[in-house]
Amino acid sequence: MTEEIQVEGEELPHLLLVDDDATFTRVMARAMARRGFRVSTAGSAEEGLTLAQQDIPDYAAVDLKMEGDSGLVLLPKLLELDPEMRVLILTGYSSIATAVEAIKRGACNYLCKPADADDVLAALLSEHADLDTLVPENPMSVDRLQWEHIQRVLTEHEGNISATARALGMHRRTLQRKLQKRPVRR
């Protein structure tokens, strides 16, 4: 890991965070600012591209799956603005196929969530992506992924079961039964 030395009058490196999880983005932005970055945040690929066009970042950490365009769609558009930009793809839905695709499209690295600021910093500053470590040995089970997705959609709908069921395309009672079960560990 390299140490960022701040010289008076020198501008801080600019990091663009693009993720539709507002809580994750807010926490990560604060943590990265404490590590010496000037941070801009966006909740969608479209908003991220607009911000990047106004102020080209040195680094970007982009979520793979978001409403609208995905991180893989945004990635080449960011690199068009500055081919030297280091773009990290973050995802809670890791797979070898998306990891390889992200690297092929120009990502400097690919990181599985949950990730903390130190993980993001290390991934952004590493010289080479290690394809063997891109996807964890024990990825989340399908049941755990489903539970995480339901919880995320439920949070987005402020705990409203009926609205969440509509958004997920399932019957309200089915959703209630799923919510009564204990979360799957992994």
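Since this is a predicted model, take the numbers as computed values, not measurements.

Conventions we followed
- Per chain, residues are indexed from 1 in the order of the written sequence.
- Given that this is a predicted model, residues contribute local features only at a pLDDT of at least 70 and side-chain atom pairs are listed and counted only at 80 or more, while totals for whole chains, interfaces and linings are drawn from all residues.
- Note: side-chain values were computed over all heavy atoms of the structure, leaving out hydrogens and water.
- Buried Ala, Val, Leu, Ile, Met, Phe, Trp, Tyr and Cys residues that are joined via side-chain atoms within 4.5 Å together make up what is termed a nonpolar core.
- Buried residues are those whose accessible area, probed at 1.4 Å on protein chains only, stays under 20% of the maximum for their type, while exposed residues exceed 50% and partly exposed ones sit between those limits.
- Each helix is a run of H or I in the DSSP string that is no shorter than four residues. Each strand is a run of E no shorter than two, and both are numbered from the N terminus.
- Working rule for contacts: check all heavy atoms of both residues, and any pair within 4.5 Å makes them a contact.
- Pairing between strands is defined by DSSP: at least two bridges between the two strands are required.
- Geometry is summarised by axes, namely lines fitted to C-alpha atoms with helices restricted to the contacting stretch, and by angles between N-to-C directions that run from 0 to 180 degrees.
- Crossing handedness is defined as follows: a turn of the near helix away from the far one that is anticlockwise and smaller than a right angle gives a left-handed crossing, while the clockwise case is right-handed.
- All residues other than Ala, Val, Leu, Ile, Met, Phe, Trp, Tyr, Cys, Pro, Asp, Glu, Lys and Arg, Gly among them, are scored as polar; the first ten of these are nonpolar and the last four charged.

Details of the nonpolar core
Core analysis: the largest hydrophobic core is formed by 23 residues, its most contacted members being Val-62, Leu-78, Val-87 and Ile-89. Elements with a minimum of two residues in this core: β1 (14-18), α2 (45-54), β3 (59-63), α3 (71-81), β4 (86-91), α4 (96-104) and β5 (109-112). Here this core takes 5 residues from α3, the largest share from any one element. For Val-62, the contacting residues outside a window of four places in its chain are Val-18, Gly-71, Leu-74, Leu-78, Val-87, Leu-88, Ile-89 and Leu-90.

A few points about the sheet that holds β1
In space, the 5 strands of this open sheet follow the order β2-β1-β3-β4-β5, with parallel pairing throughout. Every interior strand has two partners, whereas the edge strands, β2 (38-42) and β5, have only one. In this sheet, adjacent strand axes meet at a mean angle of 20 degrees when their direction is disregarded. Bridge count for β3 against β4 is 5 bridges, and the pairing is parallel. Its bridge partner being in β4, Val-62 is matched across the sheet by Ile-89.

Things to note about the packing of helix α1 (residues 22-34) against helix α5 (residues 117-125)
α5 packs onto α1 with a crossing angle of 65 degrees between their chain directions and a minimal axis gap of 9 Å. At the point where α1 passes α5, the crossing takes the right-handed sense. Contacts from Met-28, Ala-31 and Met-32 of α1 reach α5 at Ala-117, Val-120, Leu-121 and Leu-124. Here the contact of α1 with α5 is composed, by residue class, of 7 nonpolar, no polar and no charged.

Focus on the pairing of β3
Counting buried residues in β3 gives 5 out of 5 residues, a clear majority hidden from the surface. In this sheet, β3 lies alongside β1 in parallel orientation, the contact comprising 4 bridges. Note that in β3 the partner of Leu-16 across the bridge is Ala-60.

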